[in-house]
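# Topology and contacts: notes
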Amino acid sequence: MDAQRRVTAVLGPTNTGKTHHAIERMLAHRTGVIGLPLRLLAREVYDRIVARVGPSVVALVTGEERIVPERTQYWVCTTEAMPLEIGADFVAVDEIQLCADADRGHVFTDRLLRARGLNETLFLGSDTMRGAIAALVPHVTFLRRDRLSTLAYTGSKKISRMPPRSAIVGFSVENVYAIAELIRRQKGGCAVVMGALSPRTRNAQVALYQNGDVDYLVATDAIGMGLNLDIKHVAFSATAKFDGRRMRALYPQELAQIAGRAGRHTEDGTFGVTGEARPFDEDLVEAIESHRFAPVRKLHWRNESLEFGSAERLIRSLEEPTSNDWLTRARDADDLLALKALAAMPEVRERLTEPKRVQLLWDVCRIPDFRSSSGTEHAALLARIYEFLVGRGLGGGRIPSDWLAQAVKRIDRTEGDIDALSRRLAYIRTWTYVTQRKNWVQDESHWREETRAVEDRLSDALHAALTQRFVDRRTSVLLRRLKQKEALVAEVNDKGEVTVEGEFAGRLEGFRFRQDASATGDAARTLAQAALQALKPEFHLRADRFYNAPDTELDFTEQGGLMWGSNAVGKLVKGAEPAKPAVEAFVDEEAGPEVAEKVRRRLQHFIDRKVAAQFDPLLAMGRDEALTGLARGFAFRLTEAMGVLPRDAVATEVKELDQEARGALRKHGVRFGQFTIFLPALLKPAPTRLRLVLWSLWNGLQEFPESPPPGLVTIPNVAEVPKQHYTLAGYHPAGARAIRIDMLERLADILRQKDSRAGFEATPDMLSITGMTLDQFADLMAGLGYKGEKAERVKVKAAEAPKAPEISEEAAAAIAAGVPIPEEVSILAPEPAPEPEAAPEMESFYTFTWAPKPRPRPERGGDRGPRPERKEGDRPRGDRPRREAQGERPQGDRPKHDRPKGDRPDRKGGKPPREERQKSFEARPPRAEKPIDPDNPFAALLALKGKV
């Protein structure tokens, strides 16, 4: 019988095909079990066997995953989950050298001592286990396998000089993430593999590397356990790790296990160090390259014969020592520590009434602490689970579905960063493990599927987060294509998004390529090089399209930019004349001089036509050869000012113009206003906007004044803004606000008909023109040179229409009943008692009088020369409305000389004080009203005078 149970130890370094040999041997038997150190490796082997024999006869059993078909023949398991009592023909245990591991060694030692196949048993691992296996396993046969390729040390390399198809190894999450971020910036991205990843996430990350999407892999020592990857170079970023209790240096055989991942089959591999890791000494390098290490002298062991009479007896049996020289009692593992913690809890101890409950407690304590939480927190969770499972008696308790559902629901969220997703993935592994235990939950199949689905969703989200953070797909693709010297294909969609070989590279804004800001360093330069190389044909196509585009697709901004749709394609620059600006095109050098010149010509055509269209009345006036003499000179001044001139700036020229010259200018639309000389057509929003831009260009402003929104009659008068800016914008500052020039002239026409010496009130027409309240209008009038005195008076209300008499209630009832109203009944209701008189409602009003500011003294003494034009604050003149063709202004009730004079005192004695002059105006007796002639055709209108 022992002869039939062959036990073989296949020993040797990495890349010797040991795992492949075990799979072939297992499939040669009718049934078999293989134990693997990692669930990641177990999943890989499971997929390989399923591809050979189909899923109906292959089982996968790990702590968190259980796939067991009804006709199972082959079991692929983690070492802890191996079934030992099924009597399989073949049994294999991989990485048997882990018997010397301080944490899990007792599990591998137990399998070495007890796991046997009915026909064949294989132990796979390092040659350092030869002596221990020979001493503990009788009749064992050793099979030595040599490495299929050579492994060479290449020293230290910077990450920036790391060759493609390299794996950089770190021993902490923080270290792995930092290296991955650096590689993404310099090399375009990398895949990340850690032991804490789910098989689904790990496989997705490995696929990125194996498919060539990225050339670099950043991993923990998880890659050292049999993962078959296409790695040519392994670089250690550190040579020490935290083993769960302390920081320690890696043993030479551990370094060799990881370095041995370099090279695949017959391809040679290399290993070295990077970052802050110190170079290896010669002895260590020679040991790794030749795979010669000190043999294992002690295996970690824990008693497998457990006693469940009580918690104390169970703990003693777990701590039982060994007398075998090859074995040493394992240090307290997490499950034993949890058992001691729960056994000390009174609420748990009172439930330990029989051996089966003690055994159940031990099963609960073996739930791994996937969350790596504190011992107290993990023990509290185990105590709660044990309380549920004991329930009303052994076998009758289950974890409540609603409680489990709440726990799973809190975890089932796919938003968050990598750390948050990793924590949730660790949490769901706890419930995945719990649902795999028989009779622990109700509806086991439902909860196994539910927890597996949540783990898959979190795994996919974690893979996406890792890829988004550490993989720049577009740079990886472009680097590969550039190395292969392939022609790159660029596409630009309607939004201007540029894709090169399907990868987003940036945006084409007009004729300038704006690279995606997320690319930096070497990746950014590669991306720009590839994109611009592929965009050369697109630049020519776009230039042709732009040259033939209608003017409606082009526009200019208030700061002088030139736009094609939403893209800036150039800017205006100062030209030879104010109304003839030049243009500067925004075109990348890679587009070529032909494209740049075509864009520049199209922009110049656009702005020339825009100026000609908006300033047509002004340009036509400049071309009119009929204008001669002073009229032609004034036309030049108006053209130079782009159609708007303050009257006080050209007072002398206006005064010198005769009626014929003024008439010639009026034919071109020039209006001589009291405050401004302007062309009304050039006050529209479009010409105003263009005028501000051209004037700012000509005067070299860094920041151009913006035109007010169209339709506003008044805008705020900001003290810091020069008055000239308001004039160019078509407004005249007065008080706290500036009023539109054309509306100001309409107001001036109304004011000329008022008696500004005696005083007048604001009419509804005045307020309607300005769109102001009475107080705002008073401030405006003050800015125009008028003084307003505020007063109050009783508000006159419109007469109310007489109310119809009300019918009394008795009369209304008789009418409603259809009977005659009795004589004694009063038909009319009694009049209500008069309400007490309320205080009269008051209203405010202003009386405006002309109060100009004092004129400045002339600079010359003696001979004053010609009388200067009135400055701001003087009574403005402007064009008066004329009667028919005679050019006479309407006088109304205004005296011939409207400037208030006051009482003229003797000139020698000087003028009286201002207060006295104002009092003299107020004391003036009212003018006697003449009787209205009834035969006058305007008698009806004159009768209404003063009532409106």
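Note that the structure is predicted; figures quoted are calculated from it, not measured.

### So, the overall build of the protein
Looking only at helices and strands, one finds 31 helices and 34 strands in the protein. Here the protein holds 948 residues, and the buried ones make up 44% of them. Sequence-distant contacts, at least 24 apart, represent 66% of the contacts inside the protein between residues at least 6 apart.

### Description of the sheet that holds strand β2 (residues 32-36)
Pairing is mixed in the open sheet, where 8 strands are placed in the order β4-β3-β5-β2-β6-β7-β1-β8. Both outer strands of the open sheet, β4 (66-67) and β8 (140-144), are each paired with one neighbouring strand and no more. Looking at chain direction, strand β1 (residues 6-11) and strand β7 (residues 120-125) are connected through 6 bridges and run parallel. Each residue of the ladder has a partner; that of Leu11, found in β7, is Gly125.

### As for the pattern of salt bridges
One pass over the full model with this rule turns up 54 salt bridges. We note a salt bridge from Glu509 to Arg514, for which the minimum N-O separation is 3.5 Å. Here the salt bridges share partners, and the residues they tie into one network are Asp127, Arg130, Arg144 and Asp146.

### Some points on the sheet that holds strand β30 (residues 714-716)
What the 3 strands build is an open sheet, ordered β30-β32-β31; its pairing is antiparallel. Strand pairing shows two members of the sheet lacking a second neighbour, β30 and β31 (731-734), which therefore form its edges. Across this sheet, the average inter-strand angle for adjacent strands is 30 degrees, counted without regard to direction. In terms of strand pairing, β30 meets strand β32 (residues 737-740) through 3 bridges, oriented antiparallel. Within β32, the residue paired with Pro716 across the bridge is Arg737. Against the sheet, helix α26 (residues 741-751) makes contact with β31 and β32, and its axis sits at roughly 85 degrees relative to β32, the strand it touches most.

### Here we look at the pairing of strand β3 (residues 58-61)
Along any regular strand the residues' side chains alternate between the sheet's two faces. The alternating pattern of β3 places Val58 and Leu60 on one face and Ala59 and Val61 on the opposite face, and all of these are buried. Across 4 bridges, β3 lies against strand β5 (residues 74-78) in parallel orientation. Bridging from a neighbouring strand, Leu60 pairs with Val76 of β5. With 2 bridges connecting them, β3 and β4 associate as antiparallel partners.

### Structural notes on the packing of aromatic side chains
For any pair of aromatic rings, the description consists of the separation of the ring centres together with the inter-plane angle of the planes. What the rule picks out here adds up to 17 aromatic pairs. Ring-pair connections join several aromatic residues into one group, and the members of that group are Phe760, Phe777, Tyr786, Tyr846, Phe848 and Trp850. Here Arg165 stacks its cationic end above the ring of Tyr209, 3.9 Å away from the centre of that ring.

### What about the environment of Glu95?
Structurally, the position occupied by Glu95 is in the loop between β6 (90-93) and α3 (105-114). With relative accessibility at 7%, the residue Glu95 sits in the buried group. Between the C-alpha atoms of Glu95 and Thr19, which are 76 residues apart in sequence, the distance is 9.4 Å. Polar side-chain contacts of Glu95 include one of 3.4 Å to the side chain of Gln257.

### A look at the environment of Thr79
Inspection of the secondary structure assignment puts Thr79 in the loop between β5 and β6. Excluding its chain neighbours within four sequence positions, the residues that come into contact with Thr79 are Gly35, Leu36, Pro37, Val93, Val107, Phe108 and Arg111.

### A short note on the nonpolar core
Ranked by internal contacts, the top residues of the largest apolar core, which has 66 residues, are Leu339, Leu342 and Trp431. Of the residues forming this core, the biggest block, 9 residues, is contributed by helix α13 (residues 375-390). Sequence-distant contacts of Leu342, that is, excluding residues within four places in its chain, are made with Val348, Leu361, Cys365, Ala379, Leu382 and Ala383. Judged by nonpolar contacts, the second largest core, of 63 residues, contains Val498, Leu657, Leu694 and Ala738.

### A short note on the pairing of strand β22 (residues 512-515)
In this sheet, β22 lies alongside strand β21 (residues 503-509) in antiparallel orientation, the contact comprising 4 bridges. Along β22, the bridge assignment pairs Arg507 with Arg514. In textbook terms, the turn of a hairpin is the stretch between consecutive antiparallel strands, and for β21 and β22 this stretch comprises 2 residues, one of which, Gly510, has a positive phi near 70 degrees.

### Describing the packing of helix α14 (residues 401-411) against helix α15 (residues 418-436)
With their axes 9 Å apart at the nearest point, α14 and α15 run at an angle of 150 degrees to one another. Accordingly, the angle class assigned to the pair α14 and α15 is roughly antiparallel. In this structure, the crossing between α14 and α15 has a hand that is left-handed. For the pair formed by α14 and α15, the contact residues are Trp403, Leu404, Ala407, Val408 and Ile411 on the first element and Arg424, Tyr427, Ile428, Trp431 and Thr435 on the second.

### Here we look at the confidence of the model for the protein
A residue-level look at the protein finds 83% of positions with pLDDT of 70 or above and a mean pLDDT of 83. In this model residues 880-925 is a low-confidence stretch, pLDDT under 50, and it forms 48 contacts with partners more than four residues away in sequence or in other chains. Confidence drops under a pLDDT of 50 for residues 944-948, and excluding neighbours within four residues, the segment shows 1 contact in the predicted structure.

### Thoughts on the side chain of Arg248
Mapped onto the elements of the fold, Arg248 is located in strand β15 (residues 247-249). One polar contact links Arg248 to Glu254, side chain to side chain, over a distance of 3.0 Å. Here Arg248 is in contact with Ala240, Lys241, Asp243 and Glu254, once residues within four sequence places are set aside.

### Considering the side chain of Asp332
If you trace the backbone, Asp332 turns up in the loop between β18 (327-329) and α10 (334-343). Side-chain polar atoms of Asp332 contact the side chain of Lys340, separated by 3.0 Å. In this structure Asp332 touches Arg245, Glu319, Leu337 and Lys340, once residues within four positions along its chain are discounted.

### Some remarks on the packing of helix α5 (residues 173-187) against helix α16 (residues 444-470)
Where α5 meets α16, the axes come as close as 9 Å, and the angle between the chain directions of the two elements is 50 degrees. The orientation of α5 with respect to α16, classified from their angle, is oblique. Here Tyr177, Ala180, Glu181 and Arg184 of α5 come into contact with α16, specifically with Leu466, Arg469 and Phe470. A per-class count over the contact of α5 with α16 returns 4 nonpolar, no polar and 3 charged.

### Examining α15
Along its 19 residues, α15 runs 27 Å from first to last C-alpha, staying within 8% of the 27 Å computed at 1.5 Å per residue. For α15, the tally of buried residues reaches 15 of 19 residues, placing the bulk of the element in the interior.

### A short note on unusual backbone geometry
For Asn439, which is not a glycine, the phi torsion comes out positive at approximately 65 degrees. Counting through the fold element by element, Asn439 comes out in the loop between α15 and α16. Note on Asn439: relative accessible area 40%, which makes it partly exposed. Here the phi dihedral of Met642 falls at roughly 60 degrees; this positive angle occurs in a residue that is not glycine. Inspection of the secondary structure assignment puts Met642 in the loop between α21 (629-640) and β27 (644-646).

Rules and cut-offs
- Within each chain, residues carry numbers counting from 1 in the order of the written sequence.
- Where totals are concerned, whole chains, interfaces and linings use all residues; where local detail is concerned, this predicted model gives features only for residues with pLDDT of at least 70, and gives and counts side-chain atom pairs only at 80 or more.
- No hydrogens and no water enter the side-chain calculation; it runs on all heavy atoms of the structure.
- To qualify as a helix, a DSSP run of H or I must reach at least 4 residues; to qualify as a strand, a run of E must reach at least 2; elements of each kind are numbered from the N terminus.
- The rule is simple: take the accessible area with a 1.4 Å probe, protein chains only, and divide by the maximum for that residue type; under 20% is buried, over 50% is exposed, in between is partly exposed.
- It only takes one pair of heavy atoms within 4.5 Å for two residues to be counted as in contact.
- Here, a strand pair is defined by DSSP locating no fewer than two bridges between the strands.
- A pairing counts as a salt bridge when a side-chain nitrogen of Lys or Arg comes within 4 Å of a carboxyl oxygen of Asp or Glu.
- Under this scheme, a helix contributes an axis fitted over its contacting stretch, all axes are lines through C-alpha atoms, and angles between N-to-C directions fall in the 0 to 180 degree range.
- Any two rings among Phe, Tyr and Trp, with Trp reduced to its six-membered ring, count as a pair given centres within 6.5 Å; such a pair is stacked if its planes are under 30 degrees apart, edge-to-face if over 60, and tilted if neither.
- Placement of a positive charge over a ring is assigned whenever Lys NZ or Arg CZ falls within 6 Å of the ring centre and within 35 degrees of the normal to the ring plane.
- Polar contact criterion, stated in full: a pair of N or O atoms within 3.5 Å, where within protein one must be able to donate a hydrogen and the other to accept it, and residues adjacent in sequence count only if both atoms are side-chain atoms.
- To qualify as a nonpolar core, a set must consist of buried Ala, Val, Leu, Ile, Met, Phe, Trp, Tyr and Cys residues joined through side-chain atoms within 4.5 Å.
- Oblique is the label for any angle not under 35 degrees, not over 145, and not in the 65 to 115 range, which are roughly parallel, roughly antiparallel and roughly perpendicular in turn.
- Rotating anticlockwise by less than a right angle from the far helix to the near helix defines a left-handed crossing, while the corresponding clockwise rotation defines a right-handed one.
- In predicted models, pLDDT denotes the confidence assigned by the predictor to each residue on a 0 to 100 scale.
- Any residue outside Ala, Val, Leu, Ile, Met, Phe, Trp, Tyr, Cys, Pro, Asp, Glu, Lys and Arg is labelled polar, Gly included; the first ten of those are nonpolar and the last four are charged.
- For a helix, the expected span equals 1.5 Å multiplied by the number of residues minus one.

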